[in-house]
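Per-entry structural report
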Amino acid sequence: MSCLGCFDSTKLLGNGAQLLETGSQQASSVLLVLQQNPLLQDVCATVVAAAGAIALVKIFRALSSRGIVDQKLSRKLVHILAGPGFALCWPLFSADPNARFFAAIVPCLNLLRVLALGTGVIDDPKTVNAMSREGDKSELLRGPLYYVVVLLGATLVYWRESPVGVVVFSLMCGGDGLADIVGRRLGGRHKLPWNSSKSWAGSGAMFLGGSSMAIAFIAFFCSMGYFECDIAAMALGVAAIAAVATLIESLPINQKIDDNISVPGTVALLGFLLRSALLAA
Ligand SMILES: Nc1ccn([C@@H]2O[C@H](COP(=O)(O)OP(=O)(O)OP(=O)(O)O)[C@@H](O)[C@H]2O)c(=O)n1
Ligand SMILES: C/C(=C\CO)CCC[C@H](C)CCC[C@H](C)CCCC(C)C
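Quantities reported herein were computed from a predicted structural model and do not represent experimental measurements.

A closer look at the site of ligand 1
Of all residues adjacent to ligand 1, which total 16 residues, the nearest are Lys 76, Arg 133, Asp 176, Ser 199 and Asn 254. In the environment of ligand 1, an oxygen atom lies 3.0 Å from a nitrogen or oxygen atom belonging to the side chain of Asp 176. Contact between ligand 1 and Ser 203: a nitrogen atom at 3.2 Å from a side-chain N or O atom of the residue. Burial of ligand 1 by the protein chains amounts to 88% of its free accessible area of 590 Å².

Considering the site of ligand 2
Near ligand 2 lie 21 residues; those nearest to it are His 79, Ala 82, Phe 86, Met 131 and Asn 260. At a separation of 2.7 Å, an oxygen atom of ligand 2 approaches a polar side-chain atom of His 79. Broken down by secondary-structure element, the contributors of at least two residues to the shell around ligand 2 are helix 2 (38-65), helix 3 (71-87), helix 4 (99-119) and helix 6 (143-158). Top element by residues in the shell around ligand 2 is helix 3. It accounts for six residues. Residue composition of the shell around ligand 2, grouped by class: 14 nonpolar, six polar and one charged.

Here's the deal with unusual backbone geometry
Comment: phi is negative for the bulk of residues other than glycine, and the bulk of peptide bonds are trans. At Trp 159, a position not held by glycine, the phi torsion is positive, near 45°. The residue Trp 159 is located in the loop between helix 6 and helix 7 (163-186) in this model. For Trp 159, a relative accessible area of 4% gives the class buried.

What about the domain arrangement of the protein chain?
Under the domain assignment used here, the protein chain contains domain 1 (38-160) and domain 2 (161-280). One C-alpha centre belongs to domain 1, the other to domain 2; they are set 20 Å apart. Facing the 23 residues of domain 1 at the interface are 27 residues of domain 2. When domain 1 packs against domain 2, close to 2,200 Å² is buried across both sides, 71% of that on carbon and sulfur atoms. Put simply, domain 1 and domain 2 have two salt bridges between them. The salt bridge partner of Arg 100 is Glu 161, with a shortest N-O separation of 2.7 Å. Summed over the shared surface of domain 1 and domain 2, the number is six residue pairs in polar contact (both at pLDDT 80 or more). Taken together, the elements giving at least two residues each to the side of domain 1 that touches domain 2 come down to helix 3 and helix 6. With nine residues, helix 3 is the single largest residue contributor to the side of domain 1 that touches domain 2.

Parameters at a glance
Sequence order as written defines residue numbering, which begins from 1 separately in each chain. Chains and ligands are labelled by the order in which they are written, letters from A for the one and numbers from 1 for the other. Where local features are concerned, this predicted model is filtered to residues with pLDDT of at least 70; where side-chain atom pairs are given and counted, the filter is 80 or more; whole-chain, interface and lining totals use all residues. By convention in this description, side-chain values take in all heavy atoms of the structure and omit both hydrogens and water. Neighbouring residues are identified by heavy atoms, a residue being near a molecule or strand if any of them is within 4 Å of it. What qualifies as a polar contact is a pair of N or O atoms within 3.5 Å, subject to a donor-acceptor requirement within protein and to the restriction that residues adjacent in sequence count only when both atoms come from side chains. Here, Shrake-Rupley sampling with a 1.4 Å probe gives the accessible areas, and only protein chains in the shown set may cover a residue. We count a stretch as a helix when DSSP gives it H or I for four or more residues in a row; a strand needs E for two or more, and each element gets its number in order from the N terminus. The residue classification treats Ala, Val, Leu, Ile, Met, Phe, Trp, Tyr, Cys and Pro as nonpolar and Asp, Glu, Lys and Arg as charged. All others, Gly included, are polar. When accessible area is computed with a 1.4 Å probe and restricted to protein chains, residues below 20% of their type maximum are described as buried, those above 50% as exposed, and intermediate ones as partly exposed. Note that the domain bounds were set by an automatic or database domain assignment. Two residues qualify as a contact provided that any one of their heavy atoms is within 4.5 Å of a heavy atom in the partner residue. Two parts placed together each lose some accessible area under a 1.4 Å probe, and the buried area is that loss summed for both. Each reported salt bridge corresponds to a side-chain nitrogen of Lys or Arg within 4 Å of a carboxyl oxygen of Asp or Glu.

This is the structure we're talking about:
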């Protein structure tokens, strides 16, 4: 009896393998065209990063508006993920000296978005909730605004040429972001003697999270050939900077100076002073 419902699994696998081969050939030819056309490559990379930014915020807008993720946690997760997510797009851009200006378009667009949301030009309470502590749109004109400006600065000033830029966003995103999440949950009674609103657990998370993200990204960028580095010397330099930035973040000053200013500012200053350690060949 012929089995009408049966299928030739061998033929199906063969077709699948053929499809995969065709797809990879097409992908290779697209990559070849992009490599031969830096302008097109940078435009495509900008579109990918911009789309990623939109997707990230939309995901946490949906999660926080459905109550799946607490609003404060949503804000911190966007804070932790946006910066490294953006930096992971940097290798998509060409080696052209103007590539950084294309990459800078992404934080610029988000700067405009944050300004429009924070001033009410765009009325989108759910997105405001995903990026604010209490849902007050004017809050976006502080932390989130400074955050995007820092990413813009790291892109234009440091780009893929200096590990200082990596340390700047790593300590702002992976450090300060994690300090909040860990500190709120594990901070408990072990508060800092000089700041009862912050804890050893939070500061420990800031140091470990920020320095780990920085070392990981610098090792990645070194492997991409963006800059030479002696991993041991670089790790020491990162640890020293992370320790000072952690101390600054722990001070009771964030009512006067936002952490998204004090932490990156400290790193930029120390990075300049320690640039030889970070770039030791
Ligand atoms: N070193 C730290 C940092 C934060 N926290 C915990 O995280 C909460 C929020 O920390 P803070 O940095 O003040 O958060 P925000 O200012 O809201 O966050 P952002 O830096 O994004 O402005 C603190 O109240 C505290 O419970 C902590 O225990 N130890
Ligand atoms: C709530 C935030 C900070 C408060 O401390 C973070 C605000 C995030 C910005 C609105 C979005 C920034 C997007 C990046 C510039 C690009 C990300 C791209 C990537 C592919 C996710």
